[in-house]
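If you want the building blocks of each chain, they are given just below.
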Amino acid sequence: MRLRDLLKYETIVIQCHDNPDADAVASGFGLYTYFKKNNKNVRFVYGGRFVIQKSNLVLMLRELAIPIEYVTTLEPPDLLITVDCQYDEGNVTHFDAKEVAVIDHHQVSGPLPRMSDVRSSLGSCSTLVRELLEREGMDINEEKNLATALYYGLMMDTNQFTEIYHPLDKDLRDDAAFDRSRITMFRNANISLAELEIAGEALCGYEYEEKYRYAVIQARPCDPNILGIIGDMMLEVDAVDFCVVYSILPVGVKLSVRSCRKETRASELADYLTDKIGSGGGHVEKAGGLIQPELLHRMYAREYGSIEDAKARLREFFSRRLTAYFEESEVIYAKDYAADLSQMHAYRRKNLRLGYVKASEAFQVGTKITIRTLEGDLETPVTEDMYILIGMGGEVRLTAEENFQKSNKVLDEPYVFEGEYKPTVKTSFDGKNVSLIPYAKTCMARGGVEIYIKPLDHRVKVFTEWDEENYMLGRAGDYLAVRKDDLHNVYVIAGDTFERMYEMV
Ligand SMILES: [Mn+2]
């Protein structure tokens, strides 16, 4: 669905969920601005029992001149667009409309209308709206209030950007030309005294597991940002290395995850805890997620009699999952690892098509660049002999010219990228985003490297010889690999990659 497809409707109402948060307000404002620009008869509304009262939101509406209206009834418009929520969800007041469209970033909770764009992997709906606007040629930075609103929406939905993981979210964070003094003003009206009490009460009710040094905390329904504040404080406790703070909200169960041990990334823990029942991710030390109680109930139907039961026993659920996680995880430090070769099989790497870019042909030598991929950001200065290799999934590796020539053969065929997110580059020079793809050419990686492999049936974290700070994660279905010519060169190969790239010797 594109926004321009919606221009055929005359009266348009944008509705966000009841008790709107900053992201709902910002993303609705983005859509409102677009339709207003296109001379539509448009309104931006919300319903529910309460008028917006939170100080930071009241300030946001006033300072950024956001024309949101509180309504209890609505004349059915030609088109109703629900934003940051889905039509007829629990926290979305029902209004009749001739047509309905949905623009959201939560988990799909029921049947969607034909016109909808729901991207659950995004940290905020503001990110999605920014993308939709840019596709119609609208630059958010031409209106400072809009750029500021979207930036703040993302900031509030990702716990001050600490729980951000999708590259499109990072793009909005880095690109928005926002109003700094206003953001500072909103930030310092973030917590009310009542919320301070919620945090205090939650902290007193912690549950602690001594063996694995984790804490689980439930907070009464509150702004999700409070969860992050509680988690940060809990982690300062000497006996606590990990913690999960959650709250049951109308949109689902919001959680914040914290870790201070390099052997466990908070982002991985969040992903593990929400697997198949929601979504989660973030950073090494801070992460977050959202669980749908319906999915939790369905998945454990035999244990939880009802959705209410599933909600009531969340604390026990988290403790059990955390303990299972720590029990099943094996940590390998490559430099001290002695592989049991009798349990492994010899394989050889096949020839493989890759994309490559000679960095100095695309960027000035000496500039600092950030290469953004689905896997994360990679920062490096551009050197004369640097080559950037692009794998099939859009993953990126750097190599020196000599190595590149030795292990690859340049092919005379155009490069085609088929992954989900094109690797893009930001330069320190002008901060603009540049896609790597137009610069890419095709090469063939020469095979021949021989390895021993073992299929994994549990979670393994490998600290390789070249990176003792960050581990490579392997799960059931992936493979543990050891180089034949260097038995301390231990690493993980993803299941699908392995099958594509290796053959038995
Ligand atoms: Mn949101």
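The following paragraphs examine the structure supplied in this document. (Residues numbered from 1 in each chain as written. Predicted model: local features only at pLDDT ≥ 70, side-chain atom pairs only at ≥ 80, totals over all residues. Heavy atoms only, no water.)

A look at the packing of aromatic side chains
- Overall, the coordinates contain 23 aromatic pairs when judged by the stated rule.
- When the ring of Phe242 is compared with that of Phe326, the centres are 4.8 Å apart and the planes differ by 40 degrees; the resulting orientation is tilted. Residue Phe242 is found in strand β9 (residues 242-249), and its partner Phe326 is found in helix α12 (residues 314-328); the two are separated by 84 residues along the sequence. Exposure class is identical for Phe242 and Phe326. Each is buried.
- A centroid spacing of 4.9 Å and a plane angle of 45 degrees characterise the contact between Tyr356 and Phe404, whose relative ring orientation is tilted. Of this pair, Tyr356 sits in strand β15 (residues 352-358) while Phe404 sits in helix α14 (residues 401-407), and the two are 48 residues apart along the sequence. (Phe/Tyr/Trp six-rings, centres within 6.5 Å; stacked < 30°, edge-to-face > 60°. Helix = DSSP H or I, 4+ residues; strand = E, 2+ residues; numbered from the N terminus. Buried < 20%, exposed > 50% of the residue type's maximum accessible area, 1.4 Å probe, protein only.)

Topic: helix α5 (residues 167-175)
- Burial of α5 is extensive: 7 of the 9 residues sit out of reach of the surface.
- Looking at α5, one finds that the buried residues are Pro167, Leu168, Asp169, Lys170, Asp171, Leu172 and Asp175.
- Next to the buried residues of α5 lie α3 (125-135), α4 (144-157), β16 (368-373), β17 (376-381), β21 (424-427) and β22 (433-435). (Contact = heavy atoms within 4.5 Å.)

What to know about the nonpolar core
- One finds Ile14, Leu31, Phe35, Met60, Ile66, Ile81 and Ile103 to be the most contacted residues of the largest nonpolar core, which totals 59 residues.
- Ignoring sequence-local partners within four residues, the contact set of Ile66 consists of Val25, Phe29, Phe44, Met60, Leu61 and Ala149. (Core = buried A, V, L, I, M, F, W, Y, C linked by side-chain atoms within 4.5 Å.)

Some words on unusual backbone geometry
- A positive phi angle is found at Asp84, which is not glycine, with a value near 60 degrees.
- Secondary-structure assignment places Asp84 in the loop between β4 (79-83) and β5 (99-104).
- We classify Asp84 as buried; its relative accessible area is 1%.
- Even without a glycine there, the phi angle at Phe161 is positive, about 75 degrees.
- Here Phe161 lies in the loop between α4 and α5.

Overview of the sheet that holds β15
- If you trace the 5 strands from one edge of the open sheet to the other, you get β19-β18-β15-β23-β20, paired in antiparallel fashion. The open sheet is flanked by β19 (396-400) and β20 (408-414), the only strands paired with a single partner. Averaged over all neighbouring strand pairs, the angle between strand axes comes to 40 degrees, with direction disregarded.
- Alignment of β20 against strand β23 (residues 441-445), held across 4 bridges, turns out to be antiparallel. (Pairing = 2+ DSSP bridges. Axes fitted to C-alpha atoms, helices over the stretch in contact; angles between N-to-C directions.)

Notes on the sheet that holds strand β11 (residues 278-282)
- Strand order in the open sheet made by the 6 strands is β7-β8-β9-β10-β12-β11, with mixed pairing throughout. This sheet does not close on itself; its edge strands, each paired only once, are β7 (207-209) and β11. Taking each pair of neighbouring strands and ignoring which way they run, the sheet shows an average axis angle of 15 degrees.
- Strand direction decides the pairing type here: β7 and strand β8 (residues 214-218), joined by 3 bridges, are antiparallel. Among the inter-strand pairings, Glu207 is bridged to a residue of β8, identified as Val216.
- Lying over the sheet, helix α9 (residues 266-273) contacts β9, β10 (252-259), β11 and β12 (286-291), oriented at roughly 150 degrees with respect to β10.

With respect to the pattern of salt bridges
- Inspection of the entire model under this criterion finds 39 salt bridges.
- The shortest N-O distance in the salt bridge between Arg62 and Glu63 comes to 3.1 Å.
- On the accessibility criterion, Arg62 (58% relative accessible area) is exposed.
- Look at Glu63 and you get buried, because its relative accessible area is 18%.
- The partner of Asp174 in a salt bridge is Arg372, and the shortest N-O contact between them spans 2.7 Å. Here Arg372 lies in strand β16 and Asp174 lies in helix α5, a separation of 198 residues in the sequence.
- Using a relative accessible area of 3% as the deciding quantity, one classes Arg372 as buried.
- Taken together, the shared-partner salt bridges connect Arg62, Glu63, Asp179 and Arg182 into one network. (Salt bridge = Lys/Arg side-chain N within 4 Å of Asp/Glu carboxyl O.)

Brief notes about the environment of Cys260
- Structurally, Cys260 is set in the loop between β10 and α9.
- Sequence separation of Cys260 and Leu112 is 148 residues, and the distance between their C-alpha atoms is 40 Å.
- In contact with Cys260, other than residues within four places in its own chain, are Leu235, Val240 and Asp241.

Concerning the packing of helix α1 (residues 22-37) against helix α2 (residues 55-63)
- Taken N-terminus to C-terminus, the directions of α1 and α2 make an angle of 15 degrees; their axes are 10 Å apart at the nearest point. Considered as vectors, α1 and α2 are oriented roughly parallel to each other. In the crossing of α1 with α2, the sense of the turn from one axis to the other is right-handed. Across the interface between the two elements, Ala22, Val25 and Ala26 of α1 pack against Leu57, Met60 and Leu61 of α2.
- Split into classes, the residues belonging to the contact of α1 with α2 amount to 6 nonpolar, no polar and no charged. (Parallel < 35°, antiparallel > 145°, perpendicular 65-115°, else oblique. Left-handed = near helix turned anticlockwise from the far one by under 90°. Nonpolar A, V, L, I, M, F, W, Y, C, P; charged D, E, K, R; others polar.)

Observations concerning the pairing of strand β18 (residues 386-390)
- In terms of burial, β18 is a largely internal element, 5 of the 5 residues being buried.
- Along β18, one buried face is formed by Met386, Ile388 and Ile390 and the opposite face, lined by Tyr387 and Leu389, is buried too.
- When β15 meets β18, the two strands line up antiparallel, connected through 4 bridges. Each bridged residue has a counterpart across the sheet, and for Lys358 the counterpart in β18 is Tyr387.
- The sheet contact formed by β18 and β19 spans 5 bridges and is antiparallel. Within β19, the residue paired with Leu389 across the bridge is Arg397.
- Where β18 hands over to β19, the hairpin turn is made up of 5 residues, of which Gly394 adopts a positive phi near 90 degrees.

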